[in-house]
Structure formats: C-alpha cells, structure tokens
Amino acid sequence: MEQVSDLDQVVAQRVRELRAAKGFTLDQLATISGVSRAMISRIERAEASATAVLLVKLGAALGVTLAALFEQDEPRRETVRRAADSPVRVDPETGYTRRNVAPRGASGTDVVEVMLPAGARVAYDNLVTVPAEQFVWVFDGVLTLTTDGLTTELASGDCRVMRLDHPLVFENRGDRPVRYAVVLVPDGGRR
C-alpha cells in the first residue's frame, strides 16, 4: 500500500462529507467527475494519495476548489494562519508541494504556496471548477503556464490572472524549483 499522509485523511473525510451533502452515490460522483468509482472509494478510505489532477476533478464535481479539500470543515473564522500549522502536501505524481496559506474562512479566497520541482509538469486537461479567477504570482524561478492556446513564461515578481475555464498546464522547464502563489478569488468575491 502506498504512503498516505495526514492530509490524505483530511481529504478522505472532506470528500465523504461533501459527497454526502450533495446526496451523490459513489457511482454518481464517478460519472460527474470522471474519476473511477474504485479510486474515489480508495480516496474516501484514505488508502490512496491522489494526484492534484484527480482532486481538482473531484472538487469541481463537488463544487469546491482543490484548496478546500485540504481543509477540515470548521465553522470558525481564523485571522492568522501560522506556517507551522499549515501541512505541506507532496503530489505523488510530480513531487510538487502545496500549502494552504490563507486563514480558514478568509472570505472564500484560497491562497496557496506551491513549489514545482525542476522539470515537473502538472496538466489540468479537463479543468472544470467553481467559477473563479486565478492569480499566479511567481516568487523564485521561471514558471511556464499554458492555457487557451497561450503560453506565458512568468519570472520572479510576475503575476498572471486567468479564468479557470480552460485546460491549464503548469510547467517548470528550468533546472531549479519554481516557488509561486496561487490565489483563487471566487466570482462572488469580485467587486
């Protein structure tokens, strides 16, 4: 059996809760998300550390962002989130790491710190998610983003904004890690 992290336990609980709240069977969620019933079952039992691509598909089918799958559903609103209290998840396929940065309940906006290893590529080919704008802000290295037929290289300090309604590829073509932030602002958060 593959190594499963504490965050995988949180994801398992969240997927089960969200699926129950929507009234979906495993078969219905599999049909809507495009993720196999067997894989969803393994994720819900915390027997698998799913890739980010699979979790985005599940989140979209359940009406939440990827970051929301890594948070326990707590009614309290926090104003500070300490780095030491934010677990880091390593994607089992690409080795990229992600950490939710924004305090829980912070206006529905997700802020995630990401480190993409040298040579890594993450492709969200069938991206369907909650209506949101995504800001990608690079801190170190060069990140190549491809969406809607447009490829953009972002270097330290650069930021790109895009809708989450097209396939999206994050790629590190360099020889050192790229560190960046992803900020997802739901449509309801626009002014």
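In the block above lies the structure referred to throughout.
Bear in mind the structure is a predicted one, so any value in this text is a computation, not a measurement.

A. Quick peek at the overall build of the chain. Within the chain one finds five helices and 10 strands. Per-residue burial for the chain yields a buried fraction of 49% across its 191 residues. In the chain, the share of contacts with a sequence separation of at least 24, taken over all contacts with a separation of at least 6, comes to 65%. For the chain, the accessible surface area stands at approximately 9800 Å², while carbon and sulfur atoms represent 51% of it.

B. Quick look at unusual backbone geometry. Positive phi values are uncommon outside glycine, yet Ala46 reaches one of about 55°. Mapped onto the elements, Ala46 comes out in the loop between helix H3 (37-44) and helix H4 (52-62). Positive phi outside glycine occurs at Asp148, with the angle close to 50°. Its place among the elements puts Asp148 in the loop between strand S6 (143-147) and strand S7 (150-154).

C. Region of the structure containing the nonpolar core. With 45 residues, the main nonpolar core has Val136, Leu143, Phe170 and Tyr180 as its most contacted residues. When residues of this core are assigned to their parent elements, the largest contribution, six residues, is made by H4. The residue makeup of this core includes at least three contributed by each of domain 1 (1-69) and domain 2 (83-186). Once you skip the residues sitting within four places of it in the chain, Phe170 turns out to touch Leu116, Ala120, Arg121, Val122, Tyr124, Gln134, Val136, Leu143, Thr144, Leu145 and Tyr180.

D. The arrangement of the side chain of Thr147 in detail. Looking at the element boundaries, Thr147 is found in strand S6. A residue is classified by how much of its surface remains accessible, and Thr147, at 6% relative accessible area, is buried. Beyond its immediate stretch of four places on either side in the chain, Thr147 contacts Arg160, Met162, His166, Pro167 and Leu168.

E. Just the sheet that holds S7, in detail. Read from one edge to the other, the open sheet built from four strands follows the order S4-S9-S6-S7, with strand pairing classed as antiparallel. Only two strands of the sheet have a single partner each, and these edge strands are strand S4 (121-124) and S7. The average angle at which neighbouring strand axes cross in this sheet is 15°, direction not considered. Summarising the sheet, S6 and S7 pair through five bridges and their orientation is antiparallel. What sits directly across from Leu143, in S7, is Leu154.

Criteria and cut-off values
Residues numbered from 1 in each chain as written. Predicted model: local features only at pLDDT ≥ 70, side-chain atom pairs only at ≥ 80, totals over all residues. Heavy atoms only, no water. Helix = DSSP H or I, 4+ residues; strand = E, 2+ residues; numbered from the N terminus. Buried < 20%, exposed > 50% of the residue type's maximum accessible area, 1.4 Å probe, protein only. Contact = heavy atoms within 4.5 Å. Areas by Shrake-Rupley, 256 points an atom, 1.4 Å probe, with all protein chains shown as cover. Core = buried A, V, L, I, M, F, W, Y, C linked by side-chain atoms within 4.5 Å. Domains from an automatic or database assignment. Pairing = 2+ DSSP bridges. Axes fitted to C-alpha atoms, helices over the stretch in contact; angles between N-to-C directions.

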